[in-house]
Amino acid sequence: MKAIIGKPLNRVDGEIKVTGRHLYPSDMWEDGTLLLGLKRSVHPHAIIKRVDTQEASKVDGVVRIFTYKDISGTNRYGVVHKDQQVLAEEKVRYIGDAICLVAATNREALKEAIDKIKVEYEVLPAVFDPVEAMKENAPKIHKSGNILQHTTVSYGDVEKGFKESDIIIEGSYSVPFIDHTPMETEAGFAKMQDGKITVWAGTQTPFRDRKEISKALGIPEEKIRVIAPFFGGGFGRKDGITVQIYLALAAYILKRPVKIYYSREESIQTSYHRHAAVMYYKTGAKRDGMLTAVQARLIFDTGAYASFGGEVMSLGVEHFAGPYRVPNSRVDGYAVYTNNIIGGAMRGFGVPQVTFAFESQMDKIAKALNMDRWEIRYKNALEHGDKTAIGHTLIYSTGVKRTLKKVRESNLWKGKDKLIAESTPFKRRGWGIACSYQGGGLGVGIPDFAEAKVELLPSGRYRVYGGISDMGQGNTTGYVQIASAALNAPVEMIEYTTPDTDRTLDSGPSAASRTTYIYGKALLGAIELLKDEILQVAAEKLSCPKNSCKLIDDRVESDKGTIHLSEIYKLLPEKKRVSTFYVDMPISKDRRDIGSGLPHIVYAYATHLAVVEVDILTGKVRVIGYCSVSDVGKVINPPVFEGQVEGAVAQGIGAALTEGIKLKDGLALNNNFTTYIVPTAVDVPQIEVIAVESAEPTGPFGLKGTGEINVDAPPAAVVSAIENAVGVRVSSLPVSPEEIIKSIEVEDAIP
Amino acid sequence: MVIKLKVISFTINGEKRQVTMRGDERLIDLIRDELKLTGTKEGCGQGECGACTVLVDGKAVPSCLMLAVKVDGKEILTIEGLKRNGILHPLQKAFIEAGAVQCGFCTPGMIMSLMELLSNQDEVTPEEIRAHLSGNICRCTGYSKIIDAAMLAHKMLKEMRNHV
């Protein structure tokens, strides 16, 4: 039955995508559809004195201009803290806060009306630096103060640890806001259907959206339906409300179909981002390289609103000292409000930031001790049963050492010296290494569950009601593959749906490397129940013991005969044709007292190897070789796994070398692909992808999760390679060619 | 401001069409809004991401940068025009088989760009493919599997040409 697991399977959504047939949220349209757009704040911090929509309302083609006064609910949303307003009431806190929602029949009218809305402001002092924002006298962005959350964890005795150390390395690191740039920006369509507000949106969280829409607009949940078709990328950006409430509001009040699709500029300025952070580290080690103590202060800039600020920072806290044994530690994390763009969920969720910082620390220790960079990592790497740097025990599969061993068997490792030696004049090459780990699931204290649903159809085929959004990662294909294996039926017999609050069951967000793990686990449970019903009925019909009946393809076989599943369908009572099964994510058994969202207990691990070429005349860095070894548990579908790794590494290379939003007083200066540079096909090398498949006892078929782990290590690996090539240690991302040239010693530059 | 309307005639995916467009409307507006061929995507509106790539007289162009009235008398091919008689084009097949599709939003543009490159080329290297696709952004795949798909399609197309 498991023959299909671990084998390549073409994606179930492949054909509808390569033919252009699939309707993405931005493609949906029907006759009479109105276009929606937003009048947004041009100031980073201001009181709204007056909003004048009179002239704008007269624009030919404008149907309605909404303000907060049109909203009868709380007008608030936010995943944890409801601190965002659907339409601003008195105050705006960043450039982009929405003030009016405009509905018009055409694009030109929409633009003209938005331009003609007059907003009078009283501009307030603003703050853009999180360190400044933490000070007493800083402008207050929210009544509660600028520190959204402070998470602190101690383990062992950090002072004692430093006293016992032979060397102490200190360092400070900074990373900018990063944009996910999914190829489809925030988009959706809505209309009234069967008396319900029905919203189709690019969303990772349709069930949570329904709750948010309900509360914000004051409409009962049962009058709201949210559907998440396959959409054009998310990476965390669509983990929560973007356009959903605007769509619901307009469709509900106007009783007409409406659509919205952000421009790239609007998306970059107003959506969620990877948090900018400044991080201060102090690390102690013995002469033999063993870590004795790590202390850190992490300051995450969450911008104007909380979104996942506290949770992302907490994940940074949890992973702050990497996948290593650290007997003594103390870490203080702060998520701080500023008048910058909003920080939120992005693939890695706080871990890429601290991985860059701590892996840099590891390199510095190795250098100070004249130790090999691989060796220091291997010596300190966590093993099953160890306690992490925040003191909780690793009780499940722990494969970081295996990834370290395996990387030495890679082609790139074996070929790196030759590759480096082949460098041409004015170019220097070097290699770098970095490790990471990434907790799967939402962590202690946050409801984290899935409820799978599977149905036997009249034809004898099956349908899996996928409850977790597929933004492109391929979890839907994973569900079909798991169902095919568990039902002992060919893939062609398995139909699927994507999430729909009216048809599928709440299974939580498409996030946290959890989608295939947790829904797959629930699905196996639901299938067992359905199989049991099928075999029971077959046994009765065939007059034979149940355990002599076998489910094979589209029929049940036994010594007494064969019965087709379409017959079984007729014999089964209606409610027995559908089965559902609920599972919870496992959580840490110890250290559950730290705070919400940490620690985790199921971890993926990785070791990355990068070879770079630095042009010593321009400072430009090119990644010319890359190998990822990751332990994600059992790989269900190798090409889908490789695609996840390659895509994550590409994003990580972008974060290392070119990506980062340049802000001036809260305004994103690089707000399109012309200036916000993401890697293209010529910037990413062919990546050597290796899986270390530690069998995870808690996962379906032994799988863990693969969505995020490979985005964490690339910046650290690239920076490690740059130092190896030209002796320059970069501590601020993205790597600046100017900084590299300035730091290369002049005589060294002459070949 | 009065913007002139113009009647234009063109062929799209083998079908002759005549529509009236305003002088300031873009080719992508004609394709997506007027003709409802939504397989062509808009990812940036500035010709930087390549998601809106279509073929005009066999040449790959970002349809967000071309005015609609410019296609008067021309032949347009979009992703919807590749599948013929129920059979996928080798590029479409290769994208599925090589695992080159994730979210799929860049896929139509990638395929249309590759149509231009691979249509009549006897030999092609992965480096040439990478260079040719440098105007098409994909945020999901890291490009490796797209290059694999292009090489696979190239092989299939070459075999087809040799059989004719």
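Given the structure is predicted, the values throughout are model-derived calculations rather than measurements. (Residues numbered from 1 in each chain as written. Chains lettered and ligands numbered in written order. Predicted model: local features only at pLDDT ≥ 70, side-chain atom pairs only at ≥ 80, totals over all residues. Heavy atoms only, no water.)

Describing the overall build of chain B
For chain B, the helix and strand inventory stands at 5 helices and 5 strands. When the helices and strands of chain B are placed in sequence order, the string is β-β-α-β-β-β-α-α-α-α. Summarising its shape, the C-alpha atoms of chain B cover approximately 50 × 35 × 25 Å along the three principal directions. Within chain B, the fraction of its 164 residues that count as buried is 58%. Considering only residue pairs separated by 6 or more positions, chain B has 57% of its internal contacts joining residues 24 or more positions apart. Put simply, chain B shows about 7000 Å² of open surface, and 51% of that area lies on carbon and sulfur atoms. Taken as two groups, the 21 positive and 20 negative side-chain charges of chain B have centres that lie 2 Å from each other. (Helix = DSSP H or I, 4+ residues; strand = E, 2+ residues; numbered from the N terminus. Buried < 20%, exposed > 50% of the residue type's maximum accessible area, 1.4 Å probe, protein only. Contact = heavy atoms within 4.5 Å. Areas by Shrake-Rupley, 256 points an atom, 1.4 Å probe, with all protein chains shown as cover. Lys, Arg positive; Asp, Glu negative; His and termini not counted. Charge placed at Lys NZ, Arg CZ, Asp CG, Glu CD.)

Section: the overall build of chain A
Within chain A one finds 21 helices and 32 strands. Over its C-alpha atoms chain A spans a radius of gyration of 27 Å, differing by no more than 12% from the 27 Å that the globule rule assigns to 751 residues. Along the first, second and third principal axes, the C-alpha atoms of chain A reach 80 × 75 × 50 Å. Burial analysis of chain A (751 residues in total) assigns 66% to the buried set. Counting contacts in chain A only where the partners sit at least 6 residues apart, residues at least 24 apart contribute 81% of the total. In the form shown here, chain A has an accessible surface area of approximately 25700 Å², with 51% of it arising from carbon and sulfur atoms. (Rg over C-alpha atoms; globule rule 2.2 N^0.38 Å.)

Side note on the sheet that holds strand β16 (residues 276–285) of chain A
All names here are of chain A. In spatial order, the strands read β9-β18-β17-β16-β10; together these 5 strands make up an open sheet with mixed pairing. In the strand order of this sheet, the two ends are held by β9 (147–155) and β10 (167–175), each with one partner. Taken pair by pair, the neighbouring strands of this sheet meet at an average axis angle of 5°, ignoring direction. Relative to strand β17 (residues 291–303), β16 is paired through 10 bridges, and the arrangement is antiparallel. Bridge pairing in β17 links Ala276 to Asp301. (Pairing = 2+ DSSP bridges. Axes fitted to C-alpha atoms, helices over the stretch in contact; angles between N-to-C directions.)

Digging into the nonpolar core
One finds Tyr281(A), Leu298(A), Phe320(A) and Phe95(B) to be the most contacted residues of the largest nonpolar core, which totals 169 residues. Looking at this core element by element, the count peaks at 9 residues for strand β28 (residues 603–615) of chain A. Those residues in contact with Leu298(A) that lie beyond four places of it in its chain are Val278(A), Met279(A), Tyr281(A), Gly316(A), Val317(A), Phe320(A), Val331(A), Asp332(A), Gly333(A), Tyr334(A) and Val354(A). By size, the runner-up hydrophobic cluster in this structure holds 52 residues, among which are Leu9(A), Ala489(A), Leu551(A) and Val556(A). (Core = buried A, V, L, I, M, F, W, Y, C linked by side-chain atoms within 4.5 Å.)

Digging into the sheet that holds strand β3 (residues 62–66) of chain A
Residue and element names in this part refer to chain A. Pairing is mixed in the open sheet, where 7 strands are placed in the order β3-β7-β1-β14-β11-β12-β13. Looking at the sheet topology across the chains shown, the edges are occupied by β3 and β13 (224–227). Averaged over all pairs of adjacent strands, the angle between their axes in this sheet comes to 25°, without regard to strand direction. Both strand β1 (residues 34–40) and strand β7 (residues 98–104) contribute to a ladder of 6 bridges, which runs antiparallel. Note that in β7 the partner of Lys39 across the bridge is Cys100.

What about the interface of chain B and chain A?
Every contact between the two is made by 46 residues of chain B and, on the other side, 54 residues of chain A. Contact between chain B and chain A buries roughly 4000 Å² in total, counting both sides, with carbon and sulfur atoms accounting for 52%. On the chain B side of the contact with chain A, Gln102(B), Phe105(B) and Arg139(B) bury the most area, a combined 20% of that side's loss. Run the count over chain B and chain A and you get 9 salt bridges. Counting across the interface, chain B meets chain A through 34 residue pairs in polar contact (both at pLDDT 80 or more). Partitioned by chemical class, the residues of the side of chain B that touches chain A number 18 nonpolar, 12 polar and 16 charged. (Buried area = accessible area lost by both parts, 1.4 Å probe. Salt bridge = Lys/Arg side-chain N within 4 Å of Asp/Glu carboxyl O. Polar contact = N/O pair within 3.5 Å; in protein donor to acceptor, adjacent residues only side chain to side chain. Nonpolar A, V, L, I, M, F, W, Y, C, P; charged D, E, K, R; others polar.)

Digging into the domain arrangement of chain A
Residue and element names in this part refer to chain A. Under the domain assignment, chain A is made up of domain 1 (2–21 + 444–584), domain 2 (27–125 + 187–262) and domain 3 (273–443 + 592–749). Of note, the centres of domain 1 and domain 3, computed from C-alpha atoms alone, are 37 Å apart. Each partner contributes to the interface: domain 1 provides 27 residues, whereas domain 3 provides 32 residues. Surface buried jointly by domain 1 and domain 3 totals about 2200 Å² across both partners, of which 65% is contributed by carbon and sulfur atoms. (Domains from an automatic or database assignment.)

Looking at unusual backbone geometry
The omega torsion across Leu598(A) and Pro599(A) is -5°, close enough to zero to call that bond cis. Within the secondary structure layout, Pro599(A) lies in the loop between β27 (578–584) and β28. Here the bond from Leu733(A) into Pro734(A) is cis, since omega is -10°, no more than 30 degrees from zero. Note that Pro734(A) resides in the loop between α19 (714–726) and α20 (737–743). Within the chain, Lys255(A) stands out as a residue other than glycine whose phi angle is a positive 55°. You can call Lys255(A) exposed: its relative accessible area is 52%. Although it is not a glycine, Tyr143(B) sits at a positive phi angle of roughly 75°.

A short note on the environment of Lys6(B)
Residue and element names in this part refer to chain B. Mapped onto the secondary structure, Lys6 falls in strand β1 (residues 5–12). The exposure class assigned to Lys6 is partly exposed, which follows from its relative accessible area of 38%. Each C-alpha atom, one on Lys6 and one on Lys16, is 17 Å from the other, the two residues being 10 residues apart in sequence. With residues near it in sequence (within four places) discarded, Lys6 still touches Val19, Thr20, Met21, Val69 and Asp72.

Some words on the packing of aromatic side chains
All names here are of chain A. Throughout the structure, instances matching the rule amount to 17 aromatic pairs over all chains. Between Phe189 and Trp200 the ring centres are 5.7 Å apart and the planes differ by 55°, which places this aromatic pair in the tilted class. Of this pair, Phe189 sits in strand β11 (residues 187–193) while Trp200 sits in strand β12 (residues 196–201), placing them 11 residues apart in sequence. Judged by its relative accessible area of 2%, Phe189 falls in the buried class. Ring centres of Tyr437 and Tyr603 lie 4.8 Å apart, and the angle between their planes is 25°; on these two criteria the pair is classed as stacked. On the criterion of sequence distance, the pair formed by Tyr437 in strand β20 (residues 427–439) and Tyr603 in strand β28 is long-range, its members being 166 residues apart. Put simply, the rings of Tyr173, Tyr281, Phe320, Tyr324, Phe356 and Phe358 touch in pairs and so form one group of aromatic residues. The ring of Tyr262 carries the charged tip of Arg40 above its face, separated from the ring centre by 5.2 Å. If you follow Lys401 out to its NZ or CZ, it ends over the ring of Tyr378, 4.7 Å from the centre. (Phe/Tyr/Trp six-rings, centres within 6.5 Å; stacked < 30°, edge-to-face > 60°. Lys NZ or Arg CZ within 6 Å of the ring centre and 35° of its normal.)

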